[in-house]
Amino acid sequence: MPLSISLITETVMTPSVRLQEMIRVIRSARTQGEERGIIQRECADIRAQFRQGDNGERSHSLAKLLYVHMLGYPAHFGQMECVRLIASPRYSEKRIGYLGAMMLLDEKQDASLLITNSIKNDLSHSSQYVQSLALCTLACMGSAEMCRDLAPEIERLLRASNSYIKKKATLCAVHIIKKVPELAELFTPSARTLLSEKNHGVLHGAVVLITELCKRNPDTLDQFRKAVPELVQIMKGLVTSSYSPEHNVAGISDPFLQVRILRLLRILGHNNDTASDAMNDLLAQVATNTDSSKTAGSAVLYETVLTIMDINSESGLRVAGNINCKFIFTTLTTIVQTDHNAVQRHRGTIVDCLKDQDTSVKRRALELSLALVSAVNIRSMMKELLIFLSFCPPELRSQTASGIFNAAERYSPSKRWHIDTILHVLTTAGGDVRDETVPNLIQLITTASELHCYTVHKLYRALVKDIAQQSLVQVACWCIGEYGDLLLKGECEEIEPMQVTEDDVLDALETVLQSHMSSPATRGFALTATMKLSTRITDNVDRIRSIVSIYGSCIDLELQQRAVEYNALFKKYDHMRYRCNLPGHTNGDTPGEIKEPDTSKPKPVEAGLLSEPASQSVQLQMKAPSGNVIPAHGLGQVTQTVLLNNPNKASLPCFRFVQLSFLLNLSALFMHKLDYTFIPLKMRIRVSYSNQGAMHQDTVLIDSFPSTACQPSISPL
């Protein structure tokens, strides 16, 4: 038994490996399990060392435990050891103890309160290095209770003669103010005196402390506005000082202090004319003397721009005009995303930059101007942008047009204003707009039914005046084809009256078709518009037929195909051409809802009813289905009645009907043979249905209908 005790004691008292050796062993572990095993053995050894009391190894053991903590392993059992080492008279042990406290303790731990007295004693220590340890620890993890107890000690150290201690004390005071805002008044008098220090570290800490004080209390802000001249002198000294190896960073004298001073000046000059005027010249000097080609210089210029935008100086942006334009506009574009109103105050100056001779300046001013557009200033800003579009360099037209389109779509005050704006862009830079502009404008015109007359008149005038802008010509051709009847009436209250004849309209379209400036796509729009007019005019159908027939042998396959199809309508299906000649008809009608005009007396047409002109009197009607769900296993059926009335036994063209909604969708295609004694009827039924979440589609042909009226029953397939 005595032998066993002796062996155990000898094992425990064996000196542990040093920190460097432990790090090497842990890093050499090949698996995570092996690493955990090493960590567990070392932690067990560290616990044993802590239990042995003062044996000279405690600081080394805590250092190893801190490394274990950095790897993410539990190290809470070392908290009390931190408290013991902080109370140690040895500096080497205090240093490890304070480091451990900053890493292992926080204000939520009860152990943090145990070091308050030790910190207070060390703040009065004769060694500046021990004082520094206490200040750093308090600034890092001091709780509100600790801050209240130790605030007088920190205020005392702010007046110390040692610059090293002053620097640490100012940063500690910042932490105290954040934790206990009501203690801010305690540090206000001392903070002002720190601005007279020559040491850059103390100045940096003083500026940070004053910034925090100004943020917390408006009364304090008014007090420190009196210190603007001192801050300006400090900043001028940094900007104009000669080379100083101690503070130079890439040719910039202490950019960290410059940035802090600029941030403080921004706070002091906000909404205060006196303070803003006092720093105006300084900002111009910083802008002209700072090199933005280096990162340090860019940081200073960035803060300069932010300060310029936040102070109450109307000429602020002009003062900063000597700053590299690329940098300032890039910065402002970033600012406008977070502080839109700050940049809005200088909108006039930014718009003036659109007239600059440098294209790069124009580009960045354009980006910023587009970013400034809002629902409040849409009319004034768009006026300026449209003026810029008329004289901007060719390489900026596409970007300008796209920006105007996006802004108009987002903030348009009315549809008429929206249409007028887009038409102005198309008239000015129609060749530089995006491809989707034409369909987007067509969609806009379609939805603005009250503006159809106004739009077609305006587009016709633009088309007659100039056919060089292809996008404008395409929209004009489409609009004339759709609403040509409104144009021929010549009655439009919203625009100056203009008498337009059928020949005038056809002349304009034929000019587009024959022009060498017209692209194949534009000719396609013009040819289709010409064909559409055949349903809206009566005296020039032969001329339209002649125009269309010319392109039946066109070298362009698309135009040739359209012309051949349109000629077929004239020859074989001429009676169908007037089907679409309805008041207010547009291409947006639902497929299958083909309505016939009654020249004698207008009357409503039932949904789903298709009728031929009076000379033909053919009628086809599909009744509503009996349901939209078919039971499984043949336990039920859905029926639909189709009525066909053909008293004159005329030939029937092919129709495509509206698909019914819900789960069961039916569409029918009727095919007939011309036979004036008997017309056999065939029906091709396509059934689209959902079965257990999967979509299916079946098609069958039914040809066993009687020759007279029929009432078929559609059963599930």
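So, here's what we can say about the structure. (Residues numbered from 1 in each chain as written. Predicted model: local features only at pLDDT ≥ 70, side-chain atom pairs only at ≥ 80, totals over all residues. Heavy atoms only, no water.)

Some remarks on the packing of aromatic side chains
Here's step 1: Within this structure, the stated rule accounts for 4 aromatic pairs.
Here's step 2: Between Phe50 and Phe77, the ring centres sit 6.5 Å apart and the planes meet at 55°, which makes this aromatic pair tilted. With Phe50 in helix α3 (residues 32–51) and Phe77 in the loop between α4 (58–70) and α5 (79–86), the pair connects residues that are 27 residues apart, well separated along the chain.
Here's step 3: For Phe50, a relative accessible area of 13% puts it in the buried group.
Here's step 4: Residue placement shows Arg47 over the ring face of Phe77; its charged tip is 4.0 Å from the ring centre.
Here's step 5: The side chain of Arg416 reaches across the aromatic face of Tyr454, ending 4.1 Å from its centre. (Phe/Tyr/Trp six-rings, centres within 6.5 Å; stacked < 30°, edge-to-face > 60°. Helix = DSSP H or I, 4+ residues; strand = E, 2+ residues; numbered from the N terminus. Buried < 20%, exposed > 50% of the residue type's maximum accessible area, 1.4 Å probe, protein only. Lys NZ or Arg CZ within 6 Å of the ring centre and 35° of its normal.)

Let's talk about unusual backbone geometry
Here's step 1: The phi dihedral of Ala250 is positive, around 55°, even though this residue is not glycine.
Here's step 2: Within the secondary structure, Ala250 is located in the loop between β1 (248–249) and β2 (252–253).

A word on the packing of helix α15 (residues 255–269) against helix α17 (residues 295–310)
Here's step 1: Contact pair α15 / α17: the axes reach a minimum separation of 9 Å and the direction vectors enclose 5°. Classed by the angle they form, the pair α15 and α17 counts as roughly parallel. Between α15, through Pro255, Gln258, Val259, Leu262, Arg263, Leu265 and Arg266, and α17, the contact on the second element is made entirely by Ala296, Ala299, Val300, Glu303, Thr304, Leu306, Thr307 and Asp310.
Here's step 2: Residues of the contact of α15 with α17, tallied by class, amount to 8 nonpolar, 3 polar and 4 charged. (Axes fitted to C-alpha atoms, helices over the stretch in contact; angles between N-to-C directions. Parallel < 35°, antiparallel > 145°, perpendicular 65-115°, else oblique. Contact = heavy atoms within 4.5 Å. Nonpolar A, V, L, I, M, F, W, Y, C, P; charged D, E, K, R; others polar.)

Overview of the nonpolar core
Here's step 1: The biggest cluster of nonpolar side chains holds 158 residues, and the ones touching the most others in it are Ile154, Ile261, Leu426, Ile445, Ile480 and Val505.
Here's step 2: In terms of residues, this core owes the most to one element, helix α28 (residues 470–489), which gives 11 residues.
Here's step 3: With residues near it in sequence (within four places) discarded, Ile154 still touches Leu123, Leu135, Leu138, Ala169, Cys172, Ala173, Ile176 and Phe187.
Here's step 4: Ala63, Leu66, Cys82 and Leu85 belong to the second largest nonpolar core, which has 11 residues in total. (Core = buried A, V, L, I, M, F, W, Y, C linked by side-chain atoms within 4.5 Å.)

Side note on the packing of helix α23 (residues 378–391) against helix α25 (residues 415–429)
Here's step 1: As a packed pair, α23 and α25 sit with axes 10 Å apart at the nearest point and diverge in direction by 10°. Between α23 and α25, the angle falls in the class roughly parallel. Between α23 and α25 lies a crossing of left-handed hand. For the pair formed by α23 and α25, the contact residues are Ile378, Arg379, Met382, Leu386, Leu389 and Ser390 on the first element and Trp417, Thr421, His424, Val425, Thr428 and Ala429 on the second.
Here's step 2: Its residues assigned to classes, the contact of α23 with α25 comprises 7 nonpolar, 4 polar and 1 charged. (Left-handed = near helix turned anticlockwise from the far one by under 90°.)

A closer look at the side chain of Thr400
Here's step 1: Position of Thr400 among the secondary structure elements: in helix α24 (residues 394–411).
Here's step 2: Those residues in contact with Thr400 that lie beyond four places of it in its chain are Leu366, Leu385, Phe388, Leu389 and Cys392.

Details of the side chain of Gln131
Here's step 1: Mapped onto the fold, Gln131 is located in helix α8 (residues 128–141).
Here's step 2: With relative accessibility at 11%, the residue Gln131 sits in the buried group.
Here's step 3: Here the side chain of Gln131 touches Leu123 through a polar contact of 2.8 Å, landing on its backbone oxygen.
Here's step 4: Filtering out sequence-adjacent residues up to four positions away, Gln131 remains in contact with Asp122, Leu123, Ser124, His125, Leu157 and Ile165. (Polar contact = N/O pair within 3.5 Å; in protein donor to acceptor, adjacent residues only side chain to side chain.)

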